[in-house]
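Each chain, letter by letter, is given below.
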Amino acid sequence: MTGVKTIYLDNAATSWPKPEAVYRAMDDFMRRTGASPGRSGHRLSIEAGRVAYDTREALAMLFGVRDPTRIVFTANATEALNVVIRGMLHPGDHVITSGMEHNSVMRPLRAAEQAGVRVTVVPYQPAGTLQAGGVERAIGEDTRLIVLSHASNVAGNLLPIAEAGLIARKRGVTFLVDAAQTAGCCAINVEAMNIDVLAFSGHKGLYGPQGTGGLYIRQGMESRIRPLKHGGTGSRSESEYQPEFLPDKYESGTPNTVGLAGLCAGVRFVLEQGGAIQRRERELAAALLQGLGGIPGVVVHGQNSAEGRIAVISFNISGLTPSEVSMGLEEHGILCRPGLHCSPAAHRTLGTFPQGTARLSPGYFTSDEDIEAALQAVREIAARGAGG
Amino acid sequence: MERAQHGVVLFYSMSHALWAEKLFKGTGIPVKLIPVPRQLSSDCGICLRFDQPDEPRVRDILDRKQIEIQGIHPI
């Protein structure tokens, strides 16, 4: 493998590399600040608190949120989704989701189902409006929550979030969006999209480190969502009961402040780039789709256009398993992710269960040459596969 | 009676205190985050100190920006 350039096409799992400012912010925090935020009144504690606050403010700006204290931090999008799903559903409640969800949604929902919650999985339809209609038809008297991912982590297709948000608001049902794959890559405005609760990961399109993520929670929603964790918040210390106000209600224990320092730099980077990230990722997706489409034996799963999707592309090569494709790519220095991507529901929808797919996910820092090298490698593997 | 030279704004959380601090820095009103004085009790360990004559402007800005506060006290 010596001499082979590493081409990282697994940005849908964790974006890498990060903007330089992210590395600097984390190093700087560890060396110069280091303290616990919100626990003491001293200079370094306040400075650490500012790091967390600045991160909330940057995220609030990105998501169109007026009040930065509505942003709550968690370890990742999975924890964020668990806070909401486990914190607001009771036996007898009904919840609606789609056939394109990640296990970070499906597993907490299936666990809730075992405890007496009714779960409706609306089959995924390629045409977005059909799917929103399916969500609307599934709403009943006892429907408490609609949870949808903004985009599939397997096929990259966007779900009709704005349409579903309108329906949820009209019918008075809480709308939770899993933006793990889209925060930072796609424009999200929680007001315009009628999103009540937004779960995001920090280590993907927001360019923060692993171990960061969080929630936006609309004003008033917190009275309906129990916290997952109880404990010290640095506030209301005389009380042995959890505070009811945000963000403290959901942020017990010393936070990952060094991670937030990195996340803050990452979100500021995203804000500075404006729409350039989405435009670039669309170019990369278009180049991959066009290239893959012309290789005999390659099948791309999900929609074939660069519109209405993010730069996450799943494919198979006839006669080869996804793992064989992935190992073949790695021989060319190309790192991708084969298998089921923690999303058996999405693979069932796509007809790729249980074998899965090979997934390529370029990022903002992927070059045109990287894409061409990946396509050339797929051509060689496909030719070899067909020949062998 | 001796007049207080400073006042403090008490908040529910440090996030609110830091939000307010940032806002005031943009307006030129001198403020400083300090630990909550012992004689006061607050949900949050720090509070925002301001010069007493600025109190009307401080109240006005907090009100306009809809930042929830626990109270304002002279110290």
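Position labels on residues start from 1 in each chain and follow its written sequence. Following the order in which they are written, the chains are lettered starting with A and the ligands numbered starting with 1. Note on the predicted model: pLDDT of at least 70 is required for a residue's local features to be given, and 80 or more for side-chain atom pairs to be given and counted; whole-chain, interface and lining totals, by contrast, use all residues. Excluded from the side-chain calculation are hydrogens and water; included are all heavy atoms of the structure.

Details of the nonpolar core
Residue and element names in this part refer to chain A. Among the nonpolar cores identified, the biggest contains 49 residues, and Leu-59, Phe-63, Ile-146, Phe-175, Ile-195 and Leu-198 are the most heavily contacted of them. Counting from the N terminus, the helices are DSSP H or I runs at least four residues long and the strands are E runs at least two residues long. At 6 residues, the largest contribution of residues to this core is made by helix α2 (residues 43-63). Residue ranges assigned to each domain were obtained from an automatic or database domain assignment. The residues that make up this core include at least three from each of domain 1 (20-273) and domain 2 (275-387). Throughout, a residue-residue contact means that at least one pair of heavy atoms, one from each residue, lies within 4.5 Å. With residues near it in sequence (within four places) discarded, Phe-63 still touches Ile-71, Ala-183, Ile-188, Asn-189, Val-190, Leu-198 and Phe-200. By size, the runner-up hydrophobic cluster in this structure holds 27 residues, among which are Ile-7, Leu-9, Phe-315 and Ala-358. Here, nonpolar core refers to any group of buried Ala, Val, Leu, Ile, Met, Phe, Trp, Tyr and Cys residues whose side-chain atoms link them within 4.5 Å. Exposed residues in this analysis have more than 50% of their type's maximum accessible area, buried residues have under 20%, and partly exposed residues fall in between, with area computed by a 1.4 Å probe over protein chains only.

Here we look at the pairing of strand β4 (residues 118-122) of chain A
All names here are of chain A. Across 5 bridges, the pairing between strand β3 (residues 94-98) and β4 is parallel. Paired with Ile-96 across the bridge in β4 is Thr-120. Handedness is read with the strands pointing away from the viewer; a crossover is right-handed when the path from the first strand over the helix to the second is clockwise. As for the winding sense of the linkage, the β-α-β connection from β3 through helix α4 (residues 103-114) to β4 is right-handed. Only when DSSP finds a minimum of two bridges between them are two strands counted as paired.

Structural notes on the packing of helix α1 (residues 20-33) of chain A against helix α7 (residues 257-273) of chain A
All names here are of chain A. Where α1 meets α7, the axes come as close as 8 Å, and the angle between the chain directions of the two elements is 150°. Relative to α7, α1 is oriented roughly antiparallel. Here the hand of the crossing between α1 and α7 comes out right-handed. The segment α1 lies against α7, with Ala-21, Val-22, Ala-25, Met-26, Phe-29 and Met-30 engaging Thr-257, Val-258, Gly-259, Ala-261, Gly-262, Ala-265 and Gly-266. Tallied by class, residues from the contact of α1 with α7 come to 9 nonpolar, 4 polar and no charged. Lines fitted to C-alpha atoms define the axes, with helix axes restricted to the stretch in contact, and inter-axis angles between N-to-C directions lie between 0 and 180 degrees. Geometric relationships in this document are graded by angle, where less than 35 degrees denotes roughly parallel, more than 145 denotes roughly antiparallel, 65 to 115 denotes roughly perpendicular, and other angles denote oblique. Take the far helix as the reference: if the near one is turned anticlockwise from it by less than a right angle, the crossing is left-handed, and if turned clockwise, right-handed. Gly is put with the polar residues, along with every residue not named as nonpolar or charged; the nonpolar set is Ala, Val, Leu, Ile, Met, Phe, Trp, Tyr, Cys and Pro, and the charged set is Asp, Glu, Lys and Arg.

Some thoughts on the side chain of Thr-352 of chain A
On the secondary structure map, Thr-352 of chain A appears in the loop between α10 (344-350) and β13 (357-360). Those residues within four positions of Thr-352 of chain A in sequence are excluded, and the remaining contacts are His-301, Asn-316, Leu-340, His-347 and Thr-357 of chain A.

Focus: α2 of chain A
The end-to-end C-alpha distance of α2 of chain A, which contains 21 residues, comes to 30 Å, matching closely the 30 Å that a straight helix rising 1.5 Å per residue would cover. Looking at the residues trailing α2 of chain A, positive phi occurs at Gly-64 of chain A, about 70°. One less than the residue count of a helix, multiplied by 1.5 Å, gives the span that helix is expected to have.

Concerning the pairing of strand β10 (residues 313-317) of chain A
Residue and element names in this part refer to chain A. Burial analysis of β10 places 5 of its 5 residues in the buried class, which makes it a mostly covered element. Going residue by residue along β10, you find Ile-313, Phe-315 and Ile-317 tucked away on one face and Ser-314 and Asn-316 tucked away on the opposite face as well. Where strand β9 (residues 298-301) meets β10, 4 bridges bridge the pair, whose relative direction is antiparallel. Directly across from Val-299, in β10, lies its bridge partner Asn-316. Here β10 runs beside β13; their pairing, made up of 3 bridges, is antiparallel. Bridging across to β13, Phe-315 finds its partner in Ala-358.

Quick notes on the sheet that holds strand β6 (residues 174-178) of chain A
Residues and elements named next belong to chain A. As summarised here, the arrangement of the 7 strands in space is β2-β8-β7-β6-β5-β3-β4, forming an open sheet in which the pairing is mixed. The sheet is open, and its two borders are formed by β2 (71-74) and β4, each paired with just one other strand. Looking at each pair of strands side by side, their axes are set apart by 20° on average, direction ignored. In this sheet, strand β8 (residues 213-217) lies alongside β2 in antiparallel orientation, the contact comprising 4 bridges.

Comments concerning helix α2 (residues 55-64) of chain B
All names here are of chain B. Buried residues of α2: Glu-55, Val-58, Ile-61 and Leu-62, and no others. Down the axis of α2, the sector holding all buried residues measures 130°, keeping them to one side. More than 90 degrees from the buried face of α2, the exposed residues found are Pro-56, Asp-63 and Arg-64. Lining the buried residues of α2 we find β1 (6-10), α1 (14-27), β3 (46-51) and β4 (71-74). Where α2 terminates, the next one or two residues include Gln-66, which has phi positive at roughly 55°. Each direction from the helix axis to a C-beta atom contributes to the arc, which is the arc of those directions.

Concerning the interface of chain B and chain A
Contacts between the two partners involve 18 residues from chain B and, on the opposite side, 25 residues from chain A. Note: buried area is the sum, over both parts, of the accessible area (probe 1.4 Å) each one loses when the two are combined. In total, about 1600 Å² of surface goes out of reach between chain B and chain A, with carbon and sulfur atoms giving 56% of it. By the criterion of area lost to chain A, the three top residues of chain B are Met-14, Trp-19 and Asp-43 of chain B, representing 33% of everything that side buries. Criterion for a salt bridge: a side-chain nitrogen of Lys or Arg within 4 Å of a carboxyl oxygen of Asp or Glu. For the pair chain B and chain A, the interface holds 3 salt bridges. Residues Lys-22 of chain B and Glu-57 of chain A are paired through a salt bridge, measuring 2.9 Å at the closest nitrogen-oxygen approach. Polar contact is the term for a pair of N or O atoms within 3.5 Å; when the atoms are in protein, one must be able to donate a hydrogen and the other to accept it, and sequence-neighboring residues count only if both atoms are side-chain atoms. The interface formed by chain B and chain A includes 6 residue pairs in polar contact (both at pLDDT 80 or more). At the level of elements, α1 and β2 (31-35) of chain B are the ones that each hand at least two residues to the side of chain B that touches chain A. Each residue belonging to the side of chain B that touches chain A can be placed in one class, and the counts come to 8 nonpolar, 5 polar and 5 charged.

Quick notes on the domain arrangement of chain A
Residues and elements named next belong to chain A. Looking at the assigned domains, one finds that chain A contains domain 1 (20-273) and domain 2 (275-387). Computed over C-alpha atoms, the centres of domain 1 and domain 2 are 28 Å apart. Each partner contributes to the roughly 2000 Å² buried at the junction of domain 1 and domain 2, and carbon and sulfur atoms together form 58% of this total. At the boundary of domain 1 with domain 2, the tally comes to 12 residue pairs in polar contact (both at pLDDT 80 or more). At the level of elements, α4 and α7 are the ones that each hand at least two residues to the side of domain 1 that touches domain 2. Tallying contributions element by element places α7 first for the side of domain 1 that touches domain 2, with 3 residues. Looking at side-chain class alone, the side of domain 1 that touches domain 2 contains 13 nonpolar, 11 polar and 1 charged residues.

A closer look at the pattern of salt bridges
Summed over the entire model, instances satisfying the criterion amount to 28 salt bridges over all chains. Note that Asp-370 of chain A is salt-bridged to Lys-5 of chain A, the shortest N-O span being 2.7 Å. Pair noted here: Asp-370 of chain A is in helix α11 (residues 368-387) and Lys-5 of chain A is in the segment before β1 (7-8), with a separation of 365 residues, a long-range link. Here Lys-5 of chain A falls in the exposed class, since its relative accessible area comes to 52%. Note that Lys-170 of chain A is salt-bridged to Glu-136 of chain A, the shortest N-O span being 3.3 Å. Taken together, the residues span a long stretch of sequence, with Lys-170 of chain A in helix α6 (residues 161-171) and Glu-136 of chain A in helix α5 (residues 128-138) at a distance of 34 residues. Residue classification places Lys-170 of chain A among the exposed residues on the basis of a relative accessible area of 60%. When salt bridges with common partners are traced through the structure, they connect Glu-47 and Arg-50 of chain A together with Glu-21 and Lys-25 of chain B into a single cluster.

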